[in-house]
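# Secondary and tertiary structure notes
Below are the chains, spelled out letter by letter.
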Amino acid sequence: DTGVSQDPRHKITKRGQNVTFRCDPISEHNRLYWYRQTLGQGPEFLTYFQNEAQLEKSRLLSDRFSAERPKGSFSTLEIQRTEQGDSAMYLCASSFRTELNEKLFFGSGTQLSVL
Amino acid sequence: KQEVTQIPAALSVPEGENLVLNCSFTDSAIYNLQWFRQDPGKGLTSLLLIQSSQREQTSGRLNASLDKSSGRSTLYIAASQPGDSATYLCAVRGYNQFYFGTGTSLTVIP
């Protein structure tokens, strides 16, 4: 169990550029979540996958955000035409969900700064 | 929609003191509740998970309790140490999502 890995750890970009983040979950986990966190706030739900299927996407998420999880393995989160308001920590979490039990494991996050 | 509140937002205690962090939620229909620790600029580290049918979970100096009917959980930290300084967040699991509080920032003064 190597834990949840996220890459890169930090990303600085200029407004209007596209960025892509990667998350490698714990291998046997069937669920993968993306969250966004700003200073002093709790993680805000963005989207989640059950295996390779994207089952829910936050209504707060604009069309500039897209996520994929090909073959139910790693996941990518892309932000197109970045805005300064996108600056935040982007967190990935994975879990093995059963009907009664689900425990989240987080990666170290990707800190995005949009200049 | 589930709302999760953590009070106080910040807490400062001298080393060795026992302390309690609070988490309250509005919808008692939860599957479980998880407590996390977050160090500055890092991800969240799981501390304890309590199933909805449980009342308590313990790990070392940490004890978490759950009162589902009143929508409350507490995290008790015994004999606090400077290394316990971090932000502590609780998350409740609904049917398809986890809902997070905004956390309590703890500082333990040597």
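For the structure, see preceding data.
Computed from a prediction, not measured in an experiment: that's the story for all the values here. What you see as residue numbers is a count from 1 along each chain, following the sequence as written. The lettering of chains begins at A and the numbering of ligands begins at 1, in the order of writing. Since the coordinates come from a predicted model, pLDDT governs what is reported: local features require at least 70, and pairs of side-chain atoms require 80 or more to be given and counted, while whole-chain, interface and lining totals use all residues. The side-chain values count all of the structure's non-hydrogen atoms but skip hydrogen atoms and water molecules.

### Structural notes on the sheet that holds strand S8 (residues 75-79) of chain A
All names here are of chain A. The sheet built from four strands is open, its strands ordered S1-S3-S8-S7 with antiparallel pairing. If you trace the sheet from one side to the other, it starts and ends with strand S1 (5-7) and strand S7 (65-68), each paired once. With strand direction ignored, the average angle separating the axes of adjacent strands in the sheet is 15°. One bridge is not enough; two strands pair if DSSP finds at least two bridges between them. Numbering of helices and strands starts at the N terminus; helices are DSSP runs of H or I of at least 4 residues and strands are runs of E of at least 2. Relative to strand S3 (residues 19-24), S1 runs antiparallel, the two being bridged by three bridges. Bridge pairing in S3 links Gln6 to Cys23. The axes used here are C-alpha line fits, helices contributing only the stretch in contact, and every angle between their N-to-C directions lies in the interval 0 to 180 degrees.

### Quick word on the layout of surface pockets
The pocket and cavity definitions rest on a 1 Å grid over protein atoms only: a 1.4 Å probe that fits but cannot leave marks a cavity, an open set with protein on both sides within 12 Å along at least five of seven lines marks a pocket, and residues lining either have an atom within 4 Å of a point. Grid points are joined across faces, edges and corners, and a volume is the space filled by probe spheres set on the points. For the largest pocket, the calculated volume is near 630 Å³. In terms of lining, the largest pocket is formed by 24 residues, of which the most central are Glu44(A), Phe45(A), Leu60(A), Lys1(B) and Tyr99(B). Contributions of two or more residues to the lining of the largest pocket are made by strand S4 (31-37), strand S5 (44-50) and strand S6 (53-57) of chain A together with strand S10 (98-100) of chain B. Split by residue class, the lining of the largest pocket holds eight nonpolar, nine polar and seven charged. Its volume calculated, the second largest pocket comes out at about 380 Å³. Lining the second largest pocket are 20 residues, and of these Gln37(A), Thr38(A), Leu39(A), Gly40(A) and Gln38(B) lie nearest its centre. Listing elements by their share of the lining of the second largest pocket, those giving two or more residues are strand S9 (88-95) of chain A together with strand S9 (86-93) and strand S11 (104-109) of chain B. For this classification, Asp, Glu, Lys and Arg are treated as charged, while Ala, Val, Leu, Ile, Met, Phe, Trp, Tyr, Cys and Pro are nonpolar and the rest, including Gly, are polar. The class makeup of the residues in the lining of the second largest pocket is six nonpolar, 13 polar and one charged.

### Notes on the pattern of salt bridges
Any two side chains of opposite charge can pair, on the condition that their charged atoms come close. Here, a salt bridge means any side-chain nitrogen of Lys or Arg that lies within 4 Å of a carboxyl oxygen of Asp or Glu. Applying the stated criterion across every chain, the model contains eight salt bridges over all chains. The partner of Arg64(A) in a salt bridge is Asp86(A), with the nearest N and O atoms 2.8 Å apart. Taken together, the positions of Arg64(A) in the loop between S6 and S7 and Asp86(A) in the loop between S8 and S9 put the pair 22 residues apart, joining distant regions of the chain. Take Arg64(A) and Asp86(A): they sit in the same class, and that class is buried. The closest approach of N and O atoms between Glu102(A) and Arg93(B), which form a salt bridge, is 3.3 Å. With Glu102(A) in the loop between S9 and strand S10 (105-106) and Arg93(B) in strand S9, this pair bridges two chains. An identical accessibility class is assigned to Glu102(A) and Arg93(B); each is buried. Through salt bridges with shared partners, a single network forms among Arg64(A), Glu83(A) and Asp86(A). Relative accessibility thresholds used throughout: buried, under 20% of the residue-type maximum; exposed, over 50%; partly exposed, between the two (1.4 Å probe, protein chains only).

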